[in-house]
Amino acid sequence: MVLTPANNWRVFVFYFCIIAVLLILSKLPPFYILKRSLVIFPFVLLIAIFIPFFKEGEIAGSYNIWLWQVSVTYSGLFILANVIVKAWLCILTLILLSSTTKLAELLKGLRQLGIPRVMILILSFMYRYIFVMADEVMRMQQARDSRNFGGKRLYQLKTIGNMVGTLFIRSYERGERIYAAMLSRGFDGQVRTLQSLRFKSADAYFGAVFCLMLVFPCVIWW
Amino acid sequence: MNKVVEIRNLSFNYPDGHRGLKDVNLVVYPGENLAVIGPNGAGKSTLLLHLNGILRGNSTVKICGLIMEDKNLKEIRKKVGLVFQDPEDQLFSLSVFDDVAFGPVNMNYSEPEVRQRVTRALEWVGMGGYEQRSPHHLSFGEKKRIAIATVLSLDPEILVIDEPTSNLDPRSKWSLVELLQQFPMTKIIATHDLELVDALCHRTVVMDEGKVVADGDTETILGNTSLLKDHGLAPPNP
């Protein structure tokens, strides 16, 4: 999808159809998907908004902003549209993946694709403890609010700084305890896992059909 | 008689200088249920961490005749199952299965054996069928049980538990006590829950300020009200 030429809009329509079919099959609520997919736009716009101004080509319009004269080109707008479409299709695919697959399964899959075990371990710890930390932050906020948090702005900043510091120290100590718990069960620095995902024939069929679908539009509309 | 734990004159200071343990002597025989009681900060948890070499002091600690040194560490950690106070620390995987399997997988058991050990350990603590659940979504009592299963899967000869009944409601607490009573191995339990001590342990060690201040059978120690009061432990209800 990333390599598809920008002017080949039919390919993008085709890809969108594939993703749409899969999203419908996944039975996710459409509004939820739409809402989550909008998250990506600020990031893309932040990066890509300047492209129409810098790209050279036929001028679509020029404006005087204070001292500068800036002009927008057609080819630049075209690339911007293309970047947005690609980003949106990517985020739709990601939403599809992350809402239909448990993180534990996803990590096992990544492991089998050859991602180093240490990386998988880090990701799994992150996902396991992010909620524990969120709970801790919530409790700290409640404790702060019950002691009538208020006063001068500078004082508030100091309190928040202390909370961040406390959270850091608590997380660090928790890390130490987790490591001790791992050592107690024979951990020696080497990460071992059981191979528990099976590559079933259904996976092979899906993979093959999906690859064909990806290649097919490029071949006929190149 | 063979001793499962033998500690002679163990002292330990934390890196920041404050005293953890001072001249601790402790001998535990096979099959004993030993309670280590004492107020907060008495050094109970510190002592437990010496039993499988997470911390090491200045003296020899022997577990089942094995001296605590690097080459024996793996064998010792197989024999000593240490359950931490906060199950949130003990359960660090994304599924209950992975957590209970962590020990056996580290011991390089074959896959069928790992699966069999996990199933057995979970059934032992009454949590069969929880394999695919996420530890984050369990109740506190369930987490405690699974935390115990994570060391039972290694078939330890000594079960060492830090504060097994803290934060449990009475029903969960007593069902956990019943569960612990069924385990045949040597148990060392750090707690300040005297009801638990009375129900489960035959022998009690009292610690305060890093020292062992009393060691005897549970009835005598729990009967010695002035001793308990001196060390910040309320006597059990008559």
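Residues numbered from 1 in each chain as written. Chains lettered and ligands numbered in written order. Predicted model: local features only at pLDDT ≥ 70, side-chain atom pairs only at ≥ 80, totals over all residues.

**Things to note about the packing of helix α7 (residues 117-146) of chain A against helix α8 (residues 153-184) of chain A**
Residues and elements named next belong to chain A. Relative orientation of the contacting elements α7 and α8 amounts to 145°, with a least axis distance of 11 Å. Crossing of α7 against α8: the hand is right-handed. Contacts from Met133, Glu136, Val137, Met140 and Arg144 of α7 reach α8 at Thr159, Met163, Leu167, Arg170 and Ser171. Residue composition of the contact of α7 with α8, grouped by class: five nonpolar, two polar and three charged. (Axes fitted to C-alpha atoms, helices over the stretch in contact; angles between N-to-C directions. Helix = DSSP H or I, 4+ residues; strand = E, 2+ residues; numbered from the N terminus. Left-handed = near helix turned anticlockwise from the far one by under 90°. Contact = placed C-beta atoms within 7 Å. Nonpolar A, V, L, I, M, F, W, Y, C, P; charged D, E, K, R; others polar.)

**Describing unusual backbone geometry**
The backbone of Lys27(A) sits at a positive phi, close to 60°, despite the residue not being glycine. A positive phi angle, near 50°, is found at Glu209(B), a position not held by glycine. You can see Glu209(B) is positioned in the loop between β9 (203-208) and β10 (211-217). Here Glu209(B) falls in the partly exposed class, since 14 other C-beta atoms lie within 10 Å of it. (Buried ≥ 20, exposed ≤ 12 C-beta atoms within 10 Å, placed from the backbone.)

**A short note on the sheet that holds strand β5 (residues 66-67) of chain B**
Residues and elements named next belong to chain B. Pairing is antiparallel across the open sheet formed by four strands, whose spatial order is β2-β1-β4-β5. On the outer flanks of this sheet lie β2 (19-28) and β5, each paired with one strand and no other. As paired strands, strand β1 (residues 5-13) and strand β4 (residues 61-63) are joined by three bridges and run antiparallel to one another. Looking at the pairing, Val5 lines up with Ile63 of β4. (Pairing = 2+ DSSP bridges.)

**Examining the interface of chain B and chain A**
If you look at the interface, chain B gives 27 residues, while chain A gives 22 residues. Elements with a minimum of two residues in the side of chain B that touches chain A: α2 (73-79), α3 (87-90), α4 (96-106), α5 (111-124) and α6 (140-152) of chain B. The dominant element in the side of chain B that touches chain A, judged by the number of residues it contributes, is α4(B), at five residues. Here the side of chain B that touches chain A is built from residues that sort into 13 nonpolar, eight polar and six charged.

**A short note on the confidence of the model for chain B**
Low pLDDT marks regions whose predicted coordinates should not be analysed in detail. This prediction gives chain B a mean pLDDT of 90; 98% of its residues lie at or above 70. Taken together, the chains of this predicted complex give a pTM of 0.80 and an interface ipTM of 0.86. (pLDDT = per-residue confidence, 0-100.)

**Description of the sheet that holds strand β6 (residues 80-83) of chain B**
Strand pairing in a sheet relies on backbone hydrogen bonds. The paired strands run either parallel or antiparallel. Residues and elements named next belong to chain B. Sheet architecture is open: six strands sit in the order β6-β7-β8-β3-β9-β10, paired in mixed fashion. Each of the sheet's edge strands pairs with one partner strand only, and the pair in question is β6 and β10. Neighbour to neighbour, the strand axes of the sheet diverge by 15° on average, direction disregarded. By the bridge criterion, six bridges tie β9 to β10 in an arrangement that is antiparallel. Opposite Thr204, over in β10, you have Gly216 as the bridge partner.

**Regarding the nonpolar core**
Val36(B), Val100(B) and Val160(B) are the most contacted members of the largest nonpolar core, which has 69 residues in total. If sequence neighbours within four positions are ignored, Val100(B) has contacts with Val118(B), Ala121(B), Leu122(B), Ile146(B), Ala149(B), Thr150(B) and Ser153(B). (Core = buried A, V, L, I, M, F, W, Y, C linked by C-beta atoms within 7 Å.)

**Comments concerning the environment of Asp215(B)**
Inspection of the secondary structure puts Asp215(B) in strand β10. A C-alpha to C-alpha distance of 41 Å links Asp215(B) and Leu94(B), two positions 121 residues apart in sequence.

**Brief notes about the packing of helix α1 (residues 9-26) of chain A against helix α5 (residues 74-100) of chain A**
Residue and element names in this part refer to chain A. Their axes nearest at 11 Å, the elements α1 and α5 cross at an angle of 20°. As judged from the angle between their axes, α1 and α5 are roughly parallel. Taken as a pair, α1 and α5 cross one another with a handedness that is left-handed. Contact residues: Phe12, Tyr15, Phe16, Ile19, Leu22, Leu23 and Ser26 in α1; Val85, Leu89, Leu92, Thr93, Leu96 and Thr100 in α5. Residues of the contact of α1 with α5, tallied by class, amount to ten nonpolar, three polar and no charged. (Parallel < 35°, antiparallel > 145°, perpendicular 65-115°, else oblique.)

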